[in-house]
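Secondary and tertiary structure notes
Residues per chain, in single letters:
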Amino acid sequence: MAGCVSRVELSVSCRSLLDRDLGSSSDPLCVLLQDAGGGQWAELDRTERIKNCQNPEFCKKLVVDYYFEKVQKLKFGVYDIDNKSFDLNDDDYLGGIECTLGQVVSGSVFTRPLELKQGKPAGKGTITISAEEIKDTRVVYLEIEARNLDKKDFLGKSDPFLELYKQSDAGTWQLAYRSEVIKNNLNPCWRKFSVPLQTFCGGDFNKPIKVQCSDHDRDGSHDLIGTFETNLTQLQKAGGGSPVEFECIHPEKKQKKKSYKNSGIIRIKSCKIETEYSFLDYIMGGCQINFTVGIDFTGSNGDPKSPDSLHYISPDGINEYLIAIWSVGSVVQDYDTDKLFPAFGFGAQVPPNWQVSHEFALNFNPSNPYCQGIQGIVDAYRQILPQIQLYGPTNFSPIINHVARFAAHSAQQGTASQYFILLIITDGEITDLDQTRQAIVNASKLPMSIIIVGVGEADFKAMEFLDGDNGVLKSLTGEPAARDIVQFVPFRQFKNAPREALSQMVLAEVPKQLVSYYKWQGWPPVKPPEIEKM
């Protein structure tokens, strides 16, 4: 792996965007893509969408890993979003720019005219990007409410929302957070929210923070209710049932009226600072990743001696099962010190009594199913093929529950020391879907992730259902998964791609899944990183 020097947070704003909506302004969103080679661009991140706005200042920061030794070509694209779909192909393009991360990082503020295509300007539209290195992994959690806000709407009350700004070194105000809008309410209580400390105040507890409360209007012409300035030191006094209160002041009203008191009271109910750990913090802090493989030996794969079987080993010694084991295993093995990997088969009749087994050790040694390294799994697979009878049905739940027992035992220690990855390679015909759903829901509460690689040309609808990307997976009784732990990838999409493409796709979710589990449990790394005092 190339050494990632640091993570960089990009703030984006635009001016004079093209207007693509009839009767109102555009609803822009900015997407960040990175050059993936061969003319392909991969999405890294995207901002929120801002309604009815031609001069947006996006609140969500775009985060990118900065590699000093690589030229990282970036593309920023601004789109007018008029639907709920994630896909941007059906949205109007308002312009974009191509540049390198080095260009953005080396200038304190980087402004360029937007182009619809090379050499064709997007009206007078411009984009401004500023970069900041993320040095501090602490996060501020705030709960804020208000009371007796001014009524701004002719027919109703106000529709208040908050914006929090930090002061930049140049003295300008930079948006750090924008809350949701609470409709028709002069005593709103906003959702608890979190902002990285770096974004909030650059890690400086005495840096001025401006809090602005406004009344939301659909056409984008929001009315100021009031504002005040504070800093993190003052905000931190909130909590334990004693809020910190600030008067919300409208400067013009204050000037005009002698009797003016305020436009409402903003109450900080709680302010906590916590540390957010990254995947590397956990790995470098001593977390071991335990890798287990489960291989589908059911009859639907076809007779291994026949060239059209998915288990047929070609003259050059490979098949899709072996490529999947190599691709995924070669990446994961770097995170496991003992390099001993349990490997199991399911769905075959095994000697000596030829009973169907749904979790048999590939080395036929149930008390010690470990293979030495990825090569050990490959050797065991090749040796067992001629000794078993492919059969059925295809049950996933026994092997999921097998790994879950180890994960549950590890979780009882209450430390971020062991995480489990189960790789299931299958031709996709699953028999025990309901039991598997329950097994995954149970496993979602444990330190484990499940990767399913589908080989062959089957219809993988059941696998995609288990992946849970189209909504939360639920058990038969309706219990939802605590976190999304399944990643399904059909092998056929990677037939002609380089080997690392499969492992990158399959393992892309694992760091997030590992961090989400330990964050949910509130467990820091075994050896937490030293935080540099700002």
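Residues numbered from 1 in each chain as written. Predicted model: local features only at pLDDT ≥ 70, side-chain atom pairs only at ≥ 80, totals over all residues. Heavy atoms only, no water.

As named in an unreviewed UniProt entry, the protein chain is Copine-3, taken from Oceanodroma tethys. According to the UniProt record, the Subunit (unreviewed entry) comment for the protein chain is "Monomer. Interacts with ERBB2 (preferentially with the tyrosine phosphorylated form); this interaction occurs at the cell membrane and is increased in a growth factor heregulin-dependent manner. Interacts with SHC1; this interaction may mediate the binding of CPNE3 with ERBB2. Interacts with RACK1." In the Function (unreviewed entry) part of its UniProt record, the protein chain is described as follows: "Calcium-dependent phospholipid-binding protein that plays a role in ERBB2-mediated tumor cell migration in response to growth factor heregulin stimulation." (UniProt positions renumbered as here; feature names shortened; annotations may be inferred.)

We now examine the pattern of salt bridges. Scanning the model with the defined rule gives 18 salt bridges in all. Notably, a salt bridge pairs arginine 267 with glutamate 145, separated by 3.3 Å at the nearest N-O pair. Of the two residues, arginine 267 sits in strand 16 (residues 265-275) while glutamate 145 sits in strand 9 (residues 138-147), which places them 122 residues apart along the sequence. Residue classification places arginine 267 among the partly exposed positions, given a relative accessible area of 23%. The salt bridge involving lysine 269 is made with glutamate 145; its shortest N-O contact spans 3.9 Å. Separated by 124 residues along the polypeptide, lysine 269 in strand 16 and glutamate 145 in strand 9 bring together distant segments of the chain. For lysine 269, a relative accessible area of 31% translates into the label partly exposed. One salt-bridge network, held together by shared partners, links Glu145, Arg147, Glu245, Arg267 and Lys269. (Salt bridge = Lys/Arg side-chain N within 4 Å of Asp/Glu carboxyl O. Helix = DSSP H or I, 4+ residues; strand = E, 2+ residues; numbered from the N terminus. Buried < 20%, exposed > 50% of the residue type's maximum accessible area, 1.4 Å probe, protein only.)

Close contact between helix 6 (residues 320-332) and helix 7 (residues 373-384) brings their axes to 10 Å; oriented N to C, the two are set at 165°. The orientation of helix 6 with respect to helix 7, classified from their angle, is roughly antiparallel. Note that helix 6 runs across helix 7; the crossing there is right-handed. Two secondary-structure elements touch here, helix 6 through Tyr321, Leu322, Ile325, Trp326, Gly329 and Ser330 and helix 7 through Ile374, Gln375, Ile377, Val378, Tyr381 and Arg382. (Axes fitted to C-alpha atoms, helices over the stretch in contact; angles between N-to-C directions. Parallel < 35°, antiparallel > 145°, perpendicular 65-115°, else oblique. Left-handed = near helix turned anticlockwise from the far one by under 90°. Contact = heavy atoms within 4.5 Å.)

This structure, assessed with the given rule, holds one cavity of 30 Å³ or more. Looking at the largest cavity, the residues that line it are Glu9, Ser11, Lys61, Glu132, Lys166, Gln174, Leu175, Ala176 and Thr199. Breaking the lining of the largest cavity down by element, the ones donating at least two residues are strand 1 (6-15) and strand 11 (173-178). Ranked by residue count, the leading element in the lining of the largest cavity is strand 11, at three residues. When the residues that make up the lining of the largest cavity are grouped by side-chain class, the tally is two nonpolar, three polar and four charged. (1 Å grid on protein atoms, 1.4 Å probe; cavity = no way out; pocket = protein on both sides within 12 Å on 5 of 7 lines; lining within 4 Å. Points joined across faces, edges and corners; volume = space filled by probe spheres on them. Nonpolar A, V, L, I, M, F, W, Y, C, P; charged D, E, K, R; others polar.)

Attention now goes to helix 6. If you check helix 6, its first and last C-alpha atoms are 18 Å apart, about what 13 residues at 1.5 Å a residue would give, namely 18 Å. Of all 13 residues in helix 6, 10 are buried; the element is thus mostly enclosed. Within helix 6 the residues assigned to the buried category are Glu320, Tyr321, Leu322, Ile323, Ala324, Ile325, Ser327, Val328, Gly329 and Val332. Measuring from the backbone nitrogen of tyrosine 321 back to the side-chain oxygen at the start of helix 6 gives 3.0 Å, which picks out asparagine 319 as the cap. (Expected span 1.5 Å × (residues − 1). Polar contact = N/O pair within 3.5 Å; in protein donor to acceptor, adjacent residues only side chain to side chain.)

What follows covers the side chain of threonine 227. Within the secondary structure layout, threonine 227 lies in strand 14 (residues 223-230). Classification of threonine 227 by relative accessible area gives buried; the value is 17%. Here valine 211 takes part through its backbone oxygen, which lies 2.9 Å from a polar atom of the side chain of threonine 227. Each residue touching threonine 227, except ones within four places of it in the same chain, is listed here: Lys210, Val211, Gln212, Glu247, Cys248, Ile249 and Pro251.

Turning our eyes to something else, we now look at the UniProt feature "domain: C2" (unreviewed entry) in the protein chain. Residues annotated by UniProt as "domain: C2" (unreviewed entry) correspond here to residues 1-114 and 123-246. The distance separating the terminal C-alpha atoms of residues 123-246 is 43 Å; by composition the span is 7% helix and 46% strand.

Taken as a whole and judged by the stated rule, the model has 16 aromatic pairs. Considering the side-chain rings of tyrosine 177 and phenylalanine 193, the 3.8 Å spacing of their centres and the 5° angle between planes classify their relative orientation as stacked. Highlighted residues: tyrosine 177 in strand 11 and phenylalanine 193 in strand 12 (residues 193-196), separated in sequence by 16 residues. Between tyrosine 517 and tyrosine 518, the aromatic rings sit 5.3 Å apart at their centres with planes inclined by 70°, giving edge-to-face as the arrangement. Per residue, the accessibility class of tyrosine 517 equals that of tyrosine 518, and both read buried. Among the aromatic residues, those joined into a ring-pair cluster are Tyr277, Tyr282, Tyr419, Tyr517, Tyr518, Trp520 and Trp523. Between the NZ or CZ atom of arginine 46 and the centre of the ring of phenylalanine 86, over which it lies, the distance is 3.6 Å. Its end group placed over the ring of tyrosine 165, lysine 210 keeps NZ or CZ at 5.4 Å from the ring centre. (Phe/Tyr/Trp six-rings, centres within 6.5 Å; stacked < 30°, edge-to-face > 60°. Lys NZ or Arg CZ within 6 Å of the ring centre and 35° of its normal.)

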